[in-house]
Amino acid sequence: SYLEPPTLSLVDAGDLGGEREVLKSLPAQFDGKGLVATQGFATSKDGVKIPYFLVRKKDAPADGSTPTLLYSYGGFEVPLLPGYSAEIGAS
């Protein structure tokens, strides 16, 4: 998750959408409330779908008018996977 620090949780395997019990968690380094993370896909020239993640304030327009920090990597079959980052999450 981009908005929560690494957390160890207990869930009922028969009800994965149910409540989770947090067993351990690293301390949060920023307040992720009011933020939302969504996944989208861009299509390259050769038709390959490229996944991307957008983290923004819930009320920020997703119309290109909001300043953006863009960071990515994907090459040599080594993708950059989503993860919590206190350094870039602080505002």
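This one's a predicted model, so the numbers in the text were calculated from it and none came from an experiment.

Draft legend 1. Representation of the overall build of the protein in the model. Of the regular secondary structure elements, the protein holds 1 helix and 6 strands. By the burial criterion, 10% of the 91 residues in the protein qualify as buried. Intrachain contacts of the protein at a sequence separation of at least 6 include 33% that bridge at least 24 residues. As presented, the protein carries roughly 7,900 Å² of accessible surface, and 57% of it is formed by carbon and sulfur atoms.

Draft legend 2. A look at the pattern of salt bridges. The tally for this structure, following the rule as stated, stands at 1 salt bridge. Here R20 makes a salt bridge to E4, at a shortest N to O gap of 3.0 Å. Here the residue R20 occupies a position in the loop between strand 1 (7-10) and strand 2 (21-25), and E4 occupies one in the segment before strand 1, the gap between them amounting to 16 residues. You can call R20 partly exposed: its relative accessible area is 42%. A relative accessible area of 36% means that E4 is categorised as partly exposed.

Draft legend 3. The arrangement of the confidence of the model for the protein in detail. With 87% of its residues at a pLDDT of 70 or more, the protein shows a mean pLDDT of 82. Taken element by element, the predicted model of the protein shows its lowest mean pLDDT in helix 1 (residues 86-89) (64) and its highest in strand 2 (93).

Draft legend 4. Region of interest: the environment of Y52. Tracing the chain through its elements places Y52 in strand 4 (residues 49-57). Residues Y52 and G40, spaced 12 residues apart in sequence, show a C-alpha to C-alpha distance of 5.4 Å.

Draft legend 5. How the structure looks around the pairing of strand 4. Here strand 3 (residues 35-43) pairs with strand 4 via 9 bridges, running antiparallel. When the sheet's bridge partners are listed, T38 is paired in strand 4 with L54.

So, how was this worked out
Residues numbered from 1 in each chain as written. Predicted model: local features only at pLDDT ≥ 70, side-chain atom pairs only at ≥ 80, totals over all residues. Heavy atoms only, no water. Helix = DSSP H or I, 4+ residues; strand = E, 2+ residues; numbered from the N terminus. Buried < 20%, exposed > 50% of the residue type's maximum accessible area, 1.4 Å probe, protein only. Contact = heavy atoms within 4.5 Å. Areas by Shrake-Rupley, 256 points an atom, 1.4 Å probe, with all protein chains shown as cover. Salt bridge = Lys/Arg side-chain N within 4 Å of Asp/Glu carboxyl O. pLDDT = per-residue confidence, 0-100. Pairing = 2+ DSSP bridges.

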